[in-house]
Structure formats: structure tokens, C-alpha cells
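# A closer look at the structure
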Amino acid sequence: MRMATRWDIFCRVVDNYGDIGVCWRLGADLATRGDSVRLWIDDPSALAWMAPGALQGRWDRIQVFDWKLASEAATLSALAPSDGWIEAFGCDIPVPFLAHHLQDVGIGSAAAPAWINLEYLSAESFARRSHRLPSPVLVGVATGSTKHFYYPGFTPDSGGLLREPDLARRRADFDRARWLSARGIAWHGEQLVSLFCYEPVALAAQLAYWRTQPRPTRLLVTDGRAAAAVRALAPAQQAGATDTAASPALSIDFLQPLTQRDFDHLLWACDLNFVRGEDSVVRALWAAKPFIWQIYPQQDDAHHAKLQALLDVLEAPQSLRRAHMVWNGISNGPMTQLDPAQWGHWATEACRRQEALPDLATRLAAFAAAIRALAKDAGGKG
């Protein structure tokens, strides 16, 4: 068994909850393994529904701190030193925090924390080449220290994917009918489709298609931008309403904000999942159900290559690739012939291959321990 570790994770919330979602999942995962975690966030408000009780300190071994407190001497002086610092997605640790802790342990000493820059998830080759590379700090109070890049990914030479140790067991024990009933979703055997998206151009055509099909579809729409996009196309819809008047072939349920665990349950319950962003695509993979990912668009179309790399590494079939291209606005044409059954084997196998690899928290903890061991060894030889 590995030694318990104390972590400081720093997160600046940009938008769409992906950054805070990843940081909370990572912190909570490390905490369930016996580590202690301090999560520093500039806007922790989303945790109120994403992880109820987090802001009140009701999660074992994980504390949430307001970002501003990392610059306050009274707070810093009361903190025990940590073994690892994680800067999520390129945010910078506040200078007062660095100055306070480095003056105690010494820059480059064996007691200095492993300093890790947790990068965005990518299946592209540059991420594997850059994974674990050192980045010497050349200016500021931490001059002489070394950060290391850490890239989550889908291959043995990457940083891995977030996956809790009990995930497979919880998924196997999941009762779809009970979960749907508890949320007032009147499921009668229809095809179940979840929708977590931005505002895809193909959405209108897809809704129209489902309304014409002989097999009924029940669309479970997540709160926020997905719900707003659907309501813009179906103005009569209200929160909690079901759209069956226009066509009995399509029912639409609008969901309340989901905890991270219930978001997993949503994906497990559905036959096909439309997801967006970094955290949800990993959760869709673990659901072992067919999914279509809407990648966050970038002005220079850099997201096109990122999407293709993901589809390549997961060995997606051509029909699923075409659906992704249309859903993401990369290709024109209808994206109507969606049959989850034809992608079921692919989804199961893609999940199985990834589950055979070590998860992100396991790899990250081992890497941080290796950094500290090297520093200790170098100090002993000095």
C-alpha cells in the first residue's frame, strides 16, 4: 500500500463547469483512497449541486477553500505542508502561497512538494510527447523549482483517465427503472437518449427525425445550455414538461441539475448519450454505451484534430465518425440514422480496453511519489 499523501489542487473556473468538474472528481477520488485534499477554487458555487455537502465540509478528507485565502497569511500559517501541488489547466498558484511554503521547505529540497501542471485531456500525439516533461521555473519566488506537465489520456504512455476504484461495481449494480422512477420519468420501454450539449446546428433536424420514427424516443435533457437549446426549438416546453403533443414518437424530459454521481446514472440509464466537454466524454466512455461527443469549438478549428484523434484512439466505426462530424458542424448533411444497437459492441470494447489501463489518480500519485523520491535521492547524494 502507498503512503497517504496531502494534495493542494488549484482550479480557476472558466465556463461550462468542466474545469471544476474534473478537479472535484480528481480530489474526491484521491480522498477516497486515503489522501487528504485541499481544493482551492475561485468560484466554487457549482459544487452546491455537483457535490452537495462539499462547501460545508461534509466530504471526508477533502476541503474546499476560496482562492483568495491562498494569499492570506493567517490561512497559510495554519496549513500543514503538502506533498503535491496541482495546477489545473494552466492556472498559476498564487505567489503568497508559493512564498510561504517554499520558505519553509526550501526550493528543490527533498521536502518540496511535487509540482504538477495538470493539462487538458487530449488523444493527440503531442500530449503523449509532452507528458511528464519538466518545466523549470525561471522567474519569481519559485525560481529554481521544477514543474512537470501531466497529460490525461487514453494510452499506456499518457496520464490515464479518472476512474474511481468502485466504478465498475456501481455500474453493475445500477437499476435503471428504479432510478428513472425516482426522478418522475415515466419510462415505458422507449429508446432513452441523454442530451448534454452546447447549441449544435444539427439539433433541429435530429429532433424532427425522432418525431417521425416508429420506435418512440424519450429524450432526457440536462439543465443549462442543452435545455435552452431544446426549448428554443420547442418554445411551448416548460421545465419538467414532456413533449408528446406534436408527436407521440418523441417525449422530452427536462432534468434538474445533477450531481456528478447522478450524471453517471443518467449515462448508464440511456441507450445513446450526447455529451460535451472533457469530463463528460470520459464518463460516457465508462458507461459502456454509445455516445456522440460535442467538442468545445475553437476559432482556428483546432478542435477538429482533437476530435479525430479521440475517434482514432477509440477505434470508432465509420458510421459513428460521420455522426460526430455532423454533430460538431465539421461536415454537412443529415445526422439522422442513429441506431445505438449498431454501436453497442464498439462501446463495450472501448470501455473494456480503457478499464484495463491504470487510472489517472493511480498514475498521478505514483508519478508524484517518484518526483519526491528523486529529490530525496539527489539531496542525499549532495
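Here the structure is a predicted model, which means the values were calculated and not measured. (Residues numbered from 1 in each chain as written. Predicted model: local features only at pLDDT ≥ 70, side-chain atom pairs only at ≥ 80, totals over all residues. Heavy atoms only, no water.)

Note that S122 resides in the loop between β5 (114-118) and α5 (125-130). Using a relative accessible area of 8% as the deciding quantity, one classes S122 as buried. Reaching out from S122, the side chain makes a polar contact with the side chain of E124 at a distance of 3.1 Å. (Helix = DSSP H or I, 4+ residues; strand = E, 2+ residues; numbered from the N terminus. Buried < 20%, exposed > 50% of the residue type's maximum accessible area, 1.4 Å probe, protein only. Polar contact = N/O pair within 3.5 Å; in protein donor to acceptor, adjacent residues only side chain to side chain.)

Mapped onto the elements of the fold, S82 is located in the loop between α3 (73-77) and β4 (84-88). Setting aside residues no more than four positions away along its own chain, S82 makes contact with R6, W7, D8, R38, P113 and R372. Here D8 takes part through its side chain, which lies 2.8 Å from a polar atom of the side chain of S82. Side-chain polar atoms of S82 contact the side chain of W85, separated by 3.0 Å. (Contact = heavy atoms within 4.5 Å.)

All right, on to the packing of aromatic side chains then. In total, this model carries 19 aromatic pairs according to the counting rule given. On the numbers, 5.7 Å between centres and 75° between planes, the contact of W40 with F97 is edge-to-face. On the criterion of sequence distance, the pair formed by W40 in strand β2 (residues 36-41) and F97 in helix α4 (residues 95-105) is long-range, its members being 57 residues apart. Comparing W40 with F97, the two get one shared label, buried. Judged by centre distance (5.6 Å) and plane angle (65°), the rings of W85 and F97 are edge-to-face. (Phe/Tyr/Trp six-rings, centres within 6.5 Å; stacked < 30°, edge-to-face > 60°.)

Strand order in this open sheet of 7 strands is β3-β2-β1-β4-β5-β7-β6, and the pairing throughout is mixed. On the outer flanks of this sheet lie β3 (62-66) and β6 (134-136), each paired with one strand and no other. Taking each pair of neighbouring strands and ignoring which way they run, the sheet shows an average axis angle of 25°. Sheet topology note: the β2/β3 ladder contains 5 bridges and is parallel. Counterpart to W40 in the pairing with β3 is F65. Along the sheet, helix α1 (residues 18-32) makes contact with β1 (6-11), β2, β3, β4 and β5, crossing β1 at roughly 175°. (Pairing = 2+ DSSP bridges. Axes fitted to C-alpha atoms, helices over the stretch in contact; angles between N-to-C directions.)

Structurally, G27 is set in helix α1. Sequence-distant contacts of G27, defined by excluding residues within four places in its chain, comprise I9, V37 and I62.

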